[in-house]
Each structure stands twice: as C-alpha cells, then as structure tokens.
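Each chain, letter by letter, is given below.
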Amino acid sequence: MAIDLEQQQKLASLVHRQSIELQQKINELSIVRRVSEELIRAISLEDACQRFINIILSEIHVENCSVMILEEGVLIIKAARGQMDSDFTSRTGQTFFRLGEGIAGQVALTRESILIQDTRTDSRFTIRENQKAFVGSLLCIPLIDQQRTIGVLNLSAPETEAFKVEHERVLA
C-alpha cells in the first residue's frame, strides 16, 4: 500500500532525469525552429550563413563559429564570427580548405562530423599560419543538401571538452 522510502527516492530520481531530458529536447527544438525561421528570411547565401551563426552563438557555449561552403572542390568561409566580435569578421573568403584537407576538408569529404575534445592531443588537428585564436576543442559538422555536401559548420572553444555529443546531434 505505501511506497517505501527507497522506492520514492528512485521514482523521484527518475522523474528528475526525465525532466532534464525533456528540457534538453525543448531547447533542441527551439534551436531548430529559430534556424528554420531565420533561413526563410535570408536574402542571400551570406545572409543565411550569418543568421545561422548568430543563432549558434546565442544558443550554444562556443567561442567561434564559421560556415564554409564548398565551391569547385574548395571550402570557402562565407561567414565567421566569434563571441567577442561585434560583427562578422573579414576572414570571409580568405580562409579555405581543399576537399580532404584539414579537419573541415575531411568532414566535407567523408560527410561525417568530427569532434575533437582536446586539440593538443589529437594528431588530426594542425595549427594554420593565419590562425588567430587558440582552439582547445573543435566540432565540425557537414552541411548536406539531399545527397550533396554543400559545406561545413565549424565550432571552436578555447577550453577543452567544450562540446557534448548532444551538440553534434542537434546541429547535424
């Protein structure tokens, strides 16, 4: 008739975990809704990329975000911004990777996300000459339209272990 104290604690713990998972799903759906609404309003590819980055920076703890679009086998930055930037940076069009080159190029080639929790211990990550910010962790996600890779979303943070598998799942 009466539920013992141990069963009550187990039930309370289960309800608490379910509540946290529900809130995470609500947050994920909110991001998807915001992205959909903003992309509909975009007037150009660059505008769509900038709107997308603004949402990412406001919703996810990330220091830098960029969108690279694949054009003739080369990934070219269409929009890039960091948390400390007041506006989009002038890196647009200047930074590029060939298909298969660097982390972004690998992601575009394989169509699989790459999550690096500590760039200092991962041999796939190399520092480029023009790299200005320290990158402790990195998440790169392919942008795919139907069966065609169109680009890569890059997220970085100065601290290690900045990203969770959930970030990868939601953004994919």
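Look up: the structure comes first, before these words.
Below: a short report on this structure. (Residues numbered from 1 in each chain as written. Predicted model: local features only at pLDDT ≥ 70, side-chain atom pairs only at ≥ 80, totals over all residues. Heavy atoms only, no water.)

The subject of this paragraph is the sheet that holds strand 3 (residues 96-98). Taken together, the 6 strands give an open sheet; going across it, the order is 3-2-1-6-5-4, and neighbouring strands pair in antiparallel fashion. Unpaired on one side and paired on the other, strand 3 and strand 4 (114-116) mark the two borders of the sheet. Neighbouring strand axes in the sheet, compared pairwise and without regard to direction, differ in orientation by 20° on average. (Pairing = 2+ DSSP bridges. Helix = DSSP H or I, 4+ residues; strand = E, 2+ residues; numbered from the N terminus. Axes fitted to C-alpha atoms, helices over the stretch in contact; angles between N-to-C directions.)

All right, on to the environment of Glu-38 then. Along the polypeptide, Glu-38 turns up in helix 1 (residues 5-41). You can call Glu-38 partly exposed: its relative accessible area is 23%. A sequence separation of 11 residues divides Glu-38 from Cys-49, and the C-alpha atoms of the two residues are 9.9 Å apart. Discounting residues that sit within four places of it in the chain, Glu-38 has contacts with Arg-51 and Ile-55. (Buried < 20%, exposed > 50% of the residue type's maximum accessible area, 1.4 Å probe, protein only. Contact = heavy atoms within 4.5 Å.)

In terms of burial, strand 1 (residues 64-71) is largely enclosed, as 6 of its 8 residues are buried. Bridge count between strand 1 and strand 2 (residues 74-82): 8 bridges; the pairing is antiparallel. Residue pairing across strands places Glu-71 opposite Val-74, the latter belonging to strand 2. Taking the residues between adjacent antiparallel strands as the criterion, strand 1 and strand 2 are bridged by 2 residues, where Glu-72 takes a positive phi near 55°. In terms of strand pairing, strand 1 meets strand 6 (residues 148-157) through 6 bridges, oriented antiparallel. Bridging from a neighbouring strand, Val-67 pairs with Leu-153 of strand 6.

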